[in-house]
Amino acid sequence: MSVQVRPITESGWPEFVRVQREAFNSPDTEERDHWRELFEVDRSLGAFDEDLLVGGTVVASLTMTVPGGPMPVAGVTAVGVLPSHRRKGVLTALMTRQLGDLHEKGESVAALYASEAAIYGRFGYGRAADAVFFRIPTAHSAFRRDAPSDPSLRVRLADPAAARADLEKVFEAVRTTRPGLYARTDARWRLSVVGDEEAQRRGNGPLRCVIVEDDHGPRGYALFRVKDGWTEHSVPDGEVLLRELFATDPAAYALTWRSVLDRDLCARLRVWGRPVDDPIVHLLAEPRQLNAGWLDDLWIRLVDVDRALVSRAYASPVDLVIEVEDRVCPWNAGRFRLVASAGPGTAKASCERTGDPADVTLPVDALGAAYLGGRPLTALGAAGLVTEHSEGALRALSTAMSWEPRPWGGLIF
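Residues numbered from 1 in each chain as written. Predicted model: local features only at pLDDT ≥ 70, side-chain atom pairs only at ≥ 80, totals over all residues. Heavy atoms only, no water.

S.K.: So, the sheet that holds strand E4 (residues 69-81): which residues are in play, and what are the values?
M.R.: The mixed open sheet is built from seven strands, whose spatial order is E1-E2-E3-E4-E5-E14-E6. A single partner strand is all that each edge strand has here, and the edge strands are strand E1 (4-7) and strand E6 (126-127). Of the strand pairs in this sheet, strand E5 (residues 109-113) and strand E14 (residues 298-302) are connected by five bridges, and their pairing is antiparallel. Bridge assignment links Leu112 to a residue of E14, and that residue is Trp299. Lying on the sheet, helix H1 (residues 13-23) is in contact with strand E2 (44-49), strand E3 (52-66) and E4; it crosses E3 at an angle near 90°. Against the sheet, helix H3 (residues 90-105) engages E1, E2, E3, E4, E5 and E14, with an angle of about 40° to E3. (Pairing = 2+ DSSP bridges. Helix = DSSP H or I, 4+ residues; strand = E, 2+ residues; numbered from the N terminus. Contact = heavy atoms within 4.5 Å. Axes fitted to C-alpha atoms, helices over the stretch in contact; angles between N-to-C directions.)

See below:
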């Protein structure tokens, strides 16, 4: 099948949304119409079978934190193909064209959330961050006795939309401290964070908010819904469905968690995406009660390897030659000498092509997996996905690319 990939026009946006609804089996609601405010139409692509739109994707222009600080990142999203045109090269045509466009535009890093984890490795994306989910019975959620506290803190209930300014203060205070978090636009705050339309509730209660503050202002907040429930013997059996929780310091963090764990008439708390190093793991007196599981979070693609590697900081000094394999973006293939000193700044990092022998050979998706600092390259080496030519080189590169805290995106874009 001959597929043409070209930008979506303003007049073609409704059809783009219709294709996405069909591709994702979405109900016919207004929720996906929010995309017009969340994404730039001029950054969208459509795949056409003659005049029929059969697939599409769009990029959100993000400012994302990476090791060392924020940088521009292309947030790839709304990647969908009509069921009638699967397995016909449509997705490959879309992703290849999009990467070429990003390369021409000078964007060195792309990120996405995968609807299916098996898809995007084919296009050079690496699994760069994980998230954990918890199912905590509230009756067994006691904290250890030495959990941090601050008597100056108090809890305030608030309307989420009305309290947005306070939420933003807390979020902005923590955004640049964790790789993967990204700046939120007005539309993102209004529609994705504090939006509370019926389609977003999915049969659960309204969006609720607690703010933890002192006399100087907010230091933590949680957004959540409550799913009402009772047993057949009229025992309260509700669920707190935690949407997000941020805090600026340990005492505020602990109190914010307690404010949702101690919710009356609720037997458990569920949350589907928290960082893998979430401190709640250490605060619970009985951590087995977290009933934790894990899943993939952000996927990262280095569009231009050399510029991407000098745009982040390194945890330890490194000076070695890496050979990159990249079948989708041939401009990345070859050997690069990466030289960097340790520290938060990136001014002393360099990555230039070289003819010297390689110390490490790795596929571009492995570099993407390690880029945010949360995926050890040594583990990929143990899996046989990375080849070491010089003894100790893989460990040195893995250590240099590691970072604390661990990466996490926080909100699907």
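S.K.: Go over the sheet that holds strand E16 (residues 334-340) with me, naming the residues and quoting the values.
M.R.: Here we have five strands laid out as an open sheet, ordered E17-E16-E15-E18-E19, and mixed in their pairing. Because the sheet does not close on itself, it has two edges, and the strands there are strand E17 (350-353) and strand E19 (387-388). When strand E15 (residues 318-325) meets E16, the two strands line up antiparallel, connected through seven bridges. Looking at E16, one finds that Ile322 is bridged to Phe336. In the packing of helix H12 (residues 393-401) onto the sheet, contacts are made with E15, E16, strand E18 (360-363) and E19, and the angle to E15 comes to roughly 100°.

S.K.: Before we move on, can you summarise the packing of aromatic side chains with the specific residues and values?
M.R.: Two numbers describe a pair of aromatic rings. These are the distance of the centres and the angle of the planes. Following the criterion strictly, the structure yields eleven aromatic pairs and no others. Consider the rings of Tyr182 and Phe413, whose centres lie 5.6 Å apart with planes at 85°: the pair is edge-to-face. Of this pair, Tyr182 sits in the loop between helix H4 (164-175) and helix H5 (186-193) while Phe413 sits in the segment after H12, and the two are 231 residues apart along the sequence. Overall, Tyr182 belongs to the buried group, its relative accessible area being 1%. Aromatic rings pair up to connect Phe171, Trp189, Tyr221, Phe246 and Trp408 into one cluster. Residue placement shows Arg184 over the ring face of Phe171; its charged tip is 4.0 Å from the ring centre. Just above the ring of Tyr371 sits the side chain of Arg312; from NZ or CZ to the centre is 5.9 Å. (Phe/Tyr/Trp six-rings, centres within 6.5 Å; stacked < 30°, edge-to-face > 60°. Buried < 20%, exposed > 50% of the residue type's maximum accessible area, 1.4 Å probe, protein only. Lys NZ or Arg CZ within 6 Å of the ring centre and 35° of its normal.)

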